[in-house]
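The chain contents come next:
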Amino acid sequence: MSTGGPSHVSENGEAVTAILGPIVGEARQEENSARLTHYQFLNRERLHLQETTWLTADKQDWILERTEPAMAKTRPVNVEAFLAGLDQWQSELTHLRELLLSTGMEEAIKWGTPVYSHAGKNVVGIAGFKSYFGLWFYQGALLNDPHGLLVNAREGTTNAQRQIRFHSSKQVKARLLRRYVIEAMALVEAGKEIKPNRNQPLEVPLELAAALKKTPKAARNFELMSKSCRREYAEYIASAKKDETKQRRLDKIMPMIVAGGGLNDRYRNC
């Protein structure tokens, strides 16, 4: 197996047809009627992000390459419950929350994590992970970044979202951070946004296609999933840079596909 960039085959390409055709050809070409509860990140317990109201691969930029996030153990009903349930970064995320609330934005739990909106548009969210905490801007690519704080977690894949990461509370400069937030709110008021491309072809990595070929039930369920659900699985595998990482991810997702669920079902139906 090559250690270079991820290998793909087009959804409509000959290679994937040759591999999956005999299996999925028996499946009904309709949406899976089994609906699971909202959003399930990787192991059905992890955080997933959104950009507007559509969970595409662009929403995974904050987390796909990360390990387990520092999240509340149960689905929180409000931000207070979210913070109270954290094992890590509780005070740091509380500080970020206070800063964001001071701007007058509306606060809500969306997709299992605190999100702050302005004029009906999601502007910024906060979250903590094992190695860092921080926030993400839904239209961060449009922000001025003279201090080089914004991070694109998935170059070449992520269009709009950008993150600001902190490894210590000492790194948080409230006044500077507030400038980024105010500019993000101004972008909403000006009607500026980068819209996700939902029509791009789905590419199935060869590793995932081969694993599906070995498990007919998984192949049938995969074909019955919505395109967005299939894309999440495909890009989760494609984003792994090392062969061993791809294999670990395959080992994790294959039982989920066999069960008929999407990668992020806990917070969104597929």
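A brief report on the enclosed structure follows. Per chain, residue numbering runs from 1 following the sequence as it is written. In keeping with the model being predicted, local features are shown solely for residues with a pLDDT of at least 70 and side-chain atom pairs are shown and tallied solely at 80 or more, while totals for entire chains, interfaces and linings include all residues. Side-chain measures here rest on the full set of heavy atoms in the structure, leaving out hydrogens and waters.

1. Things to note about the pattern of salt bridges
Part 1: Between Lys or Arg on one side and Asp or Glu on the other, a salt bridge is scored when a side-chain nitrogen of the former is within 4 Å of a carboxyl oxygen of the latter. Following the criterion strictly, the structure yields four salt bridges and no others.
Part 2: Put simply, Lys 246 and Glu 207 hold a salt bridge, and the shortest N to O gap is 3.7 Å. Highlighted residues: Lys 246 in helix α8 (residues 243-258) and Glu 207 in helix α5 (residues 206-214), separated in sequence by 39 residues. Residue Lys 246 shares its accessibility class with Glu 207, and that shared class is buried.
Part 3: Salt bridges here are not isolated pairs; linked through shared partners, they connect Glu 80, Arg 97 and Glu 107. Elements are defined by DSSP. Helices are runs of H or I of four residues or more, strands are runs of E of two residues or more, and each kind is numbered from the N terminus. Burial classes: relative accessible area under 20% of the type maximum marks a residue as buried, over 50% as exposed, and values in between as partly exposed (1.4 Å probe, protein chains only).

2. Regarding the packing of helix α3 (residues 90-101) against helix α4 (residues 174-189)
Part 1: Here α3 crosses α4 at 50 degrees, and the two axes come no closer than 10 Å. Between α3 and α4, the interaxial angle falls into the category oblique. Regarding α3 and α4, the two cross each other, and that crossing is right-handed. Residues Leu 96, Leu 99 and Leu 100 of α3 pack against Ala 174, Leu 177, Arg 178 and Val 181 of α4.
Part 2: Tallied by class, the residues present in the contact of α3 with α4 amount to six nonpolar, no polar and one charged. Convention adopted: a line fitted to C-alpha atoms gives each axis, helices being fitted over their contacting stretch, and angles between N-to-C directions are expressed from 0 to 180 degrees. An angle counts as roughly parallel when it lies under 35 degrees, as roughly antiparallel when it exceeds 145, as roughly perpendicular when it falls between 65 and 115, and as oblique in every other case. Left-handed describes a crossing whose near helix is turned anticlockwise from the far helix through less than a right angle; right-handed describes the clockwise counterpart. In this description, contact between two residues means that some pair of their heavy atoms is separated by no more than 4.5 Å. Only Asp, Glu, Lys and Arg are considered charged in this grouping, and only Ala, Val, Leu, Ile, Met, Phe, Trp, Tyr, Cys and Pro are considered nonpolar; every other residue, Gly among them, is considered polar.

3. Observations regarding the packing of helix α7 (residues 227-238) against α8
Part 1: At a minimum axis separation of 9 Å, α7 and α8 run at an interaxial angle of 160 degrees. Taken as axis vectors, α7 and α8 run roughly antiparallel relative to one another. The element α7 and its partner α8 pack so that their crossing is right-handed. On the side of α7, the interface is formed by Tyr 233, Tyr 236, Ile 237 and Ala 238, while α8 contributes Lys 246, Arg 249, Leu 250, Lys 252, Ile 253, Met 256 and Ile 257.
Part 2: For the contact of α7 with α8, a count of residues per class yields eight nonpolar, no polar and three charged.

4. Structural notes on the nonpolar core
Part 1: With 30 residues, the main nonpolar core has Leu 93, Leu 96 and Phe 137 as its most contacted residues.
Part 2: Every element with two or more residues in this core is listed here: α2 (79-84), α3, β4 (121-128), β5 (133-137), β6 (162-166) and α4.
Part 3: When residues of this core are assigned to their parent elements, the largest contribution, eight residues, is made by α4.
Part 4: Buried Ala, Val, Leu, Ile, Met, Phe, Trp, Tyr and Cys residues form a nonpolar core when they are joined through side-chain atoms within 4.5 Å. One finds Val 204, Ala 211, Cys 229 and Leu 263 within the second-largest nonpolar core, a separate group that totals 21 residues.

5. Regarding the sheet that holds strand β3 (residues 113-118)
Part 1: Pairing between strands requires that DSSP locate at least two bridges from one strand to the other. Spatially, five strands are ordered β2-β3-β4-β5-β6 in an open sheet, and the strand pairing comes out antiparallel. With one partner strand each, in any of the chains shown, β2 (106-110) and β6 form the two edges of the open sheet. The average undirected angle you get between the axes of adjacent strands in this sheet is 25 degrees.
Part 2: Taken together, the five bridges between β5 and β6 define a ladder with antiparallel strand orientation. In the strand pairing of β6, Gly 134 is matched with Arg 165.
Part 3: In this fold α3 packs onto β2, β3, β4, β5 and β6, with an angle of close to 165 degrees to the strand it touches most, β4.

6. So, the environment of Ile 164
Part 1: Tracing the sequence through the fold places Ile 164 in strand β6.
Part 2: Of the residues examined, Ile 164 reaches a relative accessible area of 1% and is grouped as buried.
Part 3: Taking the C-alpha atoms as reference, Ile 164 lies 9.2 Å from Asn 152; in sequence the two are twelve residues apart.

7. Some words on empty space enclosed by the protein
Part 1: Cavity means a closed set of points on a 1 Å grid over the protein atoms alone, one where a 1.4 Å probe fits but cannot get out, pocket means an open set with protein on both sides within 12 Å along at least 5 of 7 lines, and lining means a residue has an atom within 4 Å of a point. Grid points are joined across faces, edges and corners, and a volume is the space filled by probe spheres set on the points. What the rule picks out here adds up to two cavities of 30 Å³ or more.
Part 2: Together, Asn 122, Val 123, Tyr 138, Gln 139, Gly 140, Ala 184, Leu 187 and Val 188 line the second largest cavity.
Part 3: Sorting the residues of the lining of the second largest cavity by element identifies β4 and α4 as the ones contributing at least two each.
Part 4: Counting residues per element, the lining of the second largest cavity draws most heavily on α4, which supplies three residues.
Part 5: Taken together, the residues of the lining of the second largest cavity break down into five nonpolar, three polar and no charged.

8. Observations concerning the pairing of β2
Part 1: Two elements, β2 and β3, share five bridges in a ladder whose sense is antiparallel. Within β3, the position partnered with Ile 109 by the bridge is Pro 114.

Keep in mind these numbers describe shape, not what the thing actually does.
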